[in-house]
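Residues per chain are reported as follows:
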Amino acid sequence: MKSTTGRHLPALANLLAFEATARIGSVTGASGELCLTQSAVSKQITELEEFLGARLLNRRKGAVAATAVGEEYLKSVRKALAMLEEATLEVQSGRAAGGRLNLSVPVSLGNIWLLPRLLRFAKEQPQIQLNVTTKVGPVDLESAALDAAIMYCAGPPPRHFALKVMPLELYPVCSPELLPEGGTLARAIRRIPLLHQIAALEAWPAYLQQMRIKLANPDDGPRYGLLTMGLQAAVSGMGLALLPDYVAGDDIRAGRLLRLATTPYVSPKSYYFVCPEEKLANAAMQSFIAWLQAQGAAQTPAP
């Protein structure tokens with residue numbers, strides 16, 4: 001079934017009524033938010049269900065919940081409404097001339113490494129709006145409302161362009177308070193608990209093997225989901241962490257951390273800038289990729 005425009009699109013008012021009712025769980029609540037009568041909201045939802053030929057909501061004693069079909073459709077509706085609202089605001093504010101990019105980055109890399117550098121990009125490309133969100137773990141660019149992402153991964157998925165931003169090189173660090181008289185890495189490992197990063201649980205066992213240091217239980221010790229959490233734990237004297245220079249460099253220079261070896265553990269994964277191949281033709285995308293390359297971002301920042 002098609003709408004009167006000849007396209008397979010329902011009325012925007014129908015989508016708004018559906019989204020509000022499903023989110024609030026009540027036709028009454030949705031009517032108050034949308035400034036419509038309850039009967040008007042119910043009519044909008046009925047029209048949408050008839051247009052789709054599927055039931056989207058179950059109604060029970062005043063409460064409303066999405067059906068299985070409704071839940072799946074709701075994900076796409078919310079994404080589409082958010083993109084439409086954002087594009088509208090950009091046009092209204094005059095920011096759309098150079099285009100925009102929606103970028104996801106890992107939390108620690110984004111906060112510590114990327115965001116301080118984005119001032120340069122904003123000055124060089126003021127006509128481009130770069131929207132940055134953070135994500136822990138893999139990013140599915142095909143289903144998310146994103147144009148690109150910087151990911152910690154072994155390589156890009158099929159049909160995606162990838163630019164290596166930097167390797168993940170980890171150095172052993174700890175608080176000076178844990179080694180008041182100094183000491184070797186081998187000695188520190190036997191005296192101090194190991195702090196592990198959830199995204200790189202193989203790091204300590206592999207590094208100890210690389211350094212030819214034997215430890216009965218190299219997997220033991222607290223685990224942290226973010227590099228910045230591991231940093232704070234190390235600075236607080238909770239243990240010995242493997243951290244990259246872009247995270248721990250300032251604390252090393254300030255004397256809050258000791259680096260116990262000059263040889264790093266180099267992860268088999270790296271940070272990659274990834275985008276779907278079909279988005280490479282986007283002028284804003286090309287500008288951002290060129291800017292990343294110009295930063296010399298393939299090299300780990302000096303400590």
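Residues numbered from 1 in each chain as written. Predicted model: local features only at pLDDT ≥ 70, side-chain atom pairs only at ≥ 80, totals over all residues. Heavy atoms only, no water.

*Asks:* I'd like to hear about the packing of helix 1 (residues 12-24) against helix 2 (residues 27-34), residue by residue, with values.
*Replies:* Interhelical geometry of helix 1 versus helix 2 gives an angle of 125 degrees and a closest axis separation of 8 Å. With respect to helix 2, the axis of helix 1 lies oblique. Considering how the two elements wind past one another, helix 1 and helix 2 form a crossing that is right-handed. Contact residues: helix 1 offers Leu16, Ala17, Ala20, Thr21, Arg23 and Ile24, while helix 2 offers Val27, Gly29, Ala30, Glu33 and Leu34. (Axes fitted to C-alpha atoms, helices over the stretch in contact; angles between N-to-C directions. Helix = DSSP H or I, 4+ residues; strand = E, 2+ residues; numbered from the N terminus. Parallel < 35°, antiparallel > 145°, perpendicular 65-115°, else oblique. Left-handed = near helix turned anticlockwise from the far one by under 90°. Contact = heavy atoms within 4.5 Å.)

*Asks:* Give me the lowdown on the side chain of Thr21, citing residues and values where you can.
*Replies:* Mapped onto the elements of the fold, Thr21 is located in helix 1. Sequence-distant contacts of Thr21, defined by excluding residues within four places in its chain, comprise Ser26, Val27, Ala30, Val41, Ile45, Leu57 and Val64.

*Asks:* Describe in detail the layout of surface pockets, supporting the description with residues and values.
*Replies:* The computed volume of the largest pocket comes to approximately 540 Å³. Along its surface, the largest pocket is lined by 27 residues, and Pro106, Val136, Gly137, Tyr152 and Ala199 are the ones closest to its centre. For the lining of the largest pocket, the elements supplying multiple residues, two or more each, are helix 5 (107-124), strand 5 (148-153), strand 6 (160-174) and strand 11 (265-276). A total of four residues in the lining of the largest pocket trace back to one element, the largest contributor, which is strand 5. Partitioned by chemical class, the residues of the lining of the largest pocket number 20 nonpolar, five polar and two charged. (1 Å grid on protein atoms, 1.4 Å probe; cavity = no way out; pocket = protein on both sides within 12 Å on 5 of 7 lines; lining within 4 Å. Points joined across faces, edges and corners; volume = space filled by probe spheres on them. Nonpolar A, V, L, I, M, F, W, Y, C, P; charged D, E, K, R; others polar.)

*Asks:* If you had to explain helix 7 (residues 203-210) to someone new, which residues and values would you point to?
*Replies:* Every buried residue of helix 7 is listed here: Ala203, Trp204, Tyr207 and Leu208. For helix 7, the angular spread of buried residues about the axis comes to 120 degrees, placing them on one side. Where helix 7 ends, the next residue or the one after it, Arg212, has phi of about 60 degrees, a positive value. (Buried < 20%, exposed > 50% of the residue type's maximum accessible area, 1.4 Å probe, protein only. Arc of directions from axis to C-beta.)

*Asks:* Lay out a nonpolar patch on the surface with the relevant residues and their values.
*Replies:* Taken together, the side chains of Leu12, Leu16 and Leu84 define a hydrophobic patch exposed on the protein surface, amounting to about 250 Å² of accessible area. Within the secondary structure layout, Leu12 lies in helix 1. (Patch = residues over 30% accessible without salt bridge, like charges linked within 9 Å, V, L, I, M, F, W, Y side chains within 5 Å. Areas by Shrake-Rupley, 256 points an atom, 1.4 Å probe, with all protein chains shown as cover. Salt bridge = Lys/Arg side-chain N within 4 Å of Asp/Glu carboxyl O.)

*Asks:* Describe empty space enclosed by the protein, with residues and values.
*Replies:* Per the stated rule, a full pass over the model turns up one cavity of 30 Å³ or more. In this structure, the largest cavity encloses a volume near 40 Å³. Forming the walls of the largest cavity are Leu170, Leu195, His196, Gln197, Ala200, Ala203, Trp204 and Leu242. When contributions to the lining of the largest cavity are tallied by element, the ones reaching two or more residues are strand 7 (194-197) and helix 7. Ranked by the residues each element gives to the lining of the largest cavity, the list is headed by strand 7, at three residues. Split by residue class, the lining of the largest cavity holds six nonpolar, two polar and no charged.

*Asks:* Could you give an account of the packing of aromatic side chains, with specific residues and numbers?
*Replies:* Going through the model one piece at a time under the given rule, you end up with eight aromatic pairs. Aromatic pair Phe121 and Phe288: ring centres 5.2 Å apart, planes at 85 degrees, arrangement edge-to-face. Taken together, the residues Phe121 in helix 5 and Phe288 in helix 10 (residues 283-294) connect sequence positions 167 residues apart. Residue classification places Phe121 among the buried positions, given a relative accessible area of 2%. Taking the relative accessible area as the measure of exposure, Phe288 reaches 0% and is therefore buried. In this structure an aromatic cluster arises from ring pairing among Phe121, Phe273, Phe288 and Trp291. (Phe/Tyr/Trp six-rings, centres within 6.5 Å; stacked < 30°, edge-to-face > 60°.)

*Asks:* Can you break down helix 5 residue by residue, with the values?
*Replies:* Owing to its 3.6 residues per turn, the α-helix aligns residues three or four sequence positions apart on the same side. Compared with the 26 Å implied by 1.5 Å per residue over 18 residues, the 24 Å span of helix 5 between its first and last C-alpha is a close match. Maximal helix bending in helix 5 amounts to about 50 degrees, located at Leu114; proline Pro116 follows within four positions. Looking only at helix 5, the buried set comprises Val107, Ser108, Leu109, Gly110, Trp113, Leu114, Arg117, Leu118 and Phe121. (Expected span 1.5 Å × (residues − 1). Bend = angle between axes of the 7 residues up to and from the residue.)

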